[in-house]
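Overview (structure and organization)
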Amino acid sequence: MTKIISIKNKMLTVPAIAPAYMAKFQCIGPECQDHCCRKWHVNIDKQHYQYLRNQAPEGLRVLASESIKQNPASKNDASFAVLGFKGDDGTCAMLDERKLCKIHADVGADALPDVCYIYPRSQWRHQGVWRQSAMLSCPEAARLCLTDPQAMALTESAFTSRATVMNDKTSSRPGTADADINAFLINLFQVRDYPFWQRMALMVMCCAEADRLLAEGRAGEITALLDTFSAAILSGECRQWLDPVKPDFAEKVMVAIPLFQKGIGQDIGLQFDTVIKLFALGYGIAEPLDQKKIELSYQAIWHLKLQPFLDEHPYFLENWFLNHFFHTGFPLNYSGALLQGCAPIVVKYTMAMFLLGGMAVAQGEAFDLQQAVWAVQVIEKTFEHNTSFRNHLTLDVAATAQLLNLLAEPADQLPVP
Ligand code: SF4
């Protein structure tokens, strides 16, 4: 191996809180079913770009000059250049035929660009506290997070990382409102006295109320609002708020169907096609679409497949969204209306229910927790890397009632035909 002498990454070791699954996470490299070195637009930071183009061993330099190009639109060192793909399948130009990274193999991990070094981890600090977690677009992180009931138990540890990929998150709202809302959401999503969709609905209601206070210049009352919600959740009083919320199956179908339509996310991940085909098979989806039939199918599938799956694995959705709030710190670093920030979360949930249901029907007895993990991983990966998909998820569905009706699930009894 050629010794690196010209690149130095400043490293920091800090105490942090992290979900338990992080202690087990390790990239599985060539074994990965949907590896991250394919069809992703990878930003290359300036320091590593310059090393790879000018100072790396000759073979790497040649490869880098062919595949890494400066990004004229960049406004910072982190996205100074962009890494290209090779071949029809869009594999990263730096991978060898065994799917091993040539940078890592030839000159070691110090030479990896920051994005490759950090993915899928995320680490940030707010009010002096560091958090470390992982993005569930990585199949191995998703597997660890979603298949273990204890995966989201928070632990205290320390991590060592490049300083360039350690960031601060800031509040957009006055005082401690953002941090308080994030803590409230993390607590709310663990209250199993309420079906999962109701926890989501309470998130929407609380965020709508917080938006109202903020619009009226009453940010100081947000802590009291969160206390009111917490007390009502504990006492069960909030069930009265949830009673009027009824499902809108037509709206649910409108949200889910674009998954099946061309251009919304294809070709991002290796699992995407498999998952979508199973989804379509399970619902018997064909052109022209029969929306009413899909609506009725969803209600039946909810009772026959989804509800039993969620009863058996109560931690599955819980861990997904706990990881989301822990990982994003929402609403930290988010300056829009809170309700608008809830929209992608609600749409992701709605899509996941359709995907899981279709897959469960298509796979029959063979459907298991690992296949459910694929559905989440596909949604997360497509969300991160496909603009049209992301736009769909951030549609202007930020009317409270619309979000609530998207979340509500069928009543306890099967509909009588
Ligand atoms: S997606 Fe995750 S497990 Fe797969 S290659 Fe990338 S980091 Fe490794």
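Residues numbered from 1 in each chain as written. Predicted model: local features only at pLDDT ≥ 70, side-chain atom pairs only at ≥ 80, totals over all residues. Heavy atoms only, no water.

What the 3 strands build is an open sheet, ordered S2-S4-S3; its pairing is antiparallel. Each edge of the open sheet is held by one strand with a lone partner, namely strand S2 (42–44) and strand S3 (68–70). With direction set aside, neighbouring strand axes in the sheet form an average angle of 35 degrees. Bridge count for S3 against strand S4 (residues 81–83) is 3 bridges, and the pairing is antiparallel. Within S4, the residue paired with isoleucine 68 across the bridge is leucine 83. On the sheet, helix H1 (residues 46–55) packs against S2, S3 and S4 and is oriented at approximately 125 degrees with respect to S3. Across the sheet, helix H2 (residues 58–67) lies against S3 and S4, angled at about 55 degrees from S3, the strand it touches most. (Pairing = 2+ DSSP bridges. Helix = DSSP H or I, 4+ residues; strand = E, 2+ residues; numbered from the N terminus. Axes fitted to C-alpha atoms, helices over the stretch in contact; angles between N-to-C directions. Contact = heavy atoms within 4.5 Å.)

Time to look at unusual backbone geometry. Here the residue pair tyrosine 119 and proline 120 is connected by a cis peptide bond, since its omega of 0 degrees sits within 30 degrees of zero. Mapped onto the elements of the fold, proline 120 is located in the loop between helix H4 (114–118) and strand S7 (121–126). For the bond running from phenylalanine 330 to proline 331, omega is 10 degrees, close enough to zero to count as cis. Non-glycine residue glutamine 127 carries a positive phi angle of around 50 degrees. Tracing the backbone shows glutamine 127 in the loop between S7 and strand S8 (129–134). We classify glutamine 127 as exposed; its relative accessible area is 55%. Of note, the phi angle at asparagine 333 is positive, near 60 degrees, even though the residue is not glycine. One can find asparagine 333 in the loop between helix H13 (315–328) and helix H14 (338–363). (Buried < 20%, exposed > 50% of the residue type's maximum accessible area, 1.4 Å probe, protein only.)

Time to look at the packing of aromatic side chains. Scanning the entire structure with this criterion turns up 18 aromatic pairs. Geometrically, the ring pair formed by phenylalanine 196 and phenylalanine 321 is tilted, given 5.7 Å between the ring centres and 35 degrees between the ring planes. Here phenylalanine 321 lies in helix H13 and phenylalanine 196 lies in helix H7 (residues 196–215), a separation of 125 residues in the sequence. Judged by centre distance (5.5 Å) and plane angle (50 degrees), the ring pair of phenylalanine 330 and tyrosine 334 falls under tilted. One aromatic cluster is present, formed by Phe189, Phe196, Trp320, Phe321, Phe325, Phe330, Tyr334 and Tyr349 through successive ring pairs. Between arginine 162 and the ring centre of tyrosine 117, over which it is positioned, the NZ or CZ distance is 4.2 Å. One cation-aromatic arrangement involves lysine 348 over phenylalanine 383; the distance from NZ or CZ to the ring centre is 4.1 Å. (Phe/Tyr/Trp six-rings, centres within 6.5 Å; stacked < 30°, edge-to-face > 60°. Lys NZ or Arg CZ within 6 Å of the ring centre and 35° of its normal.)

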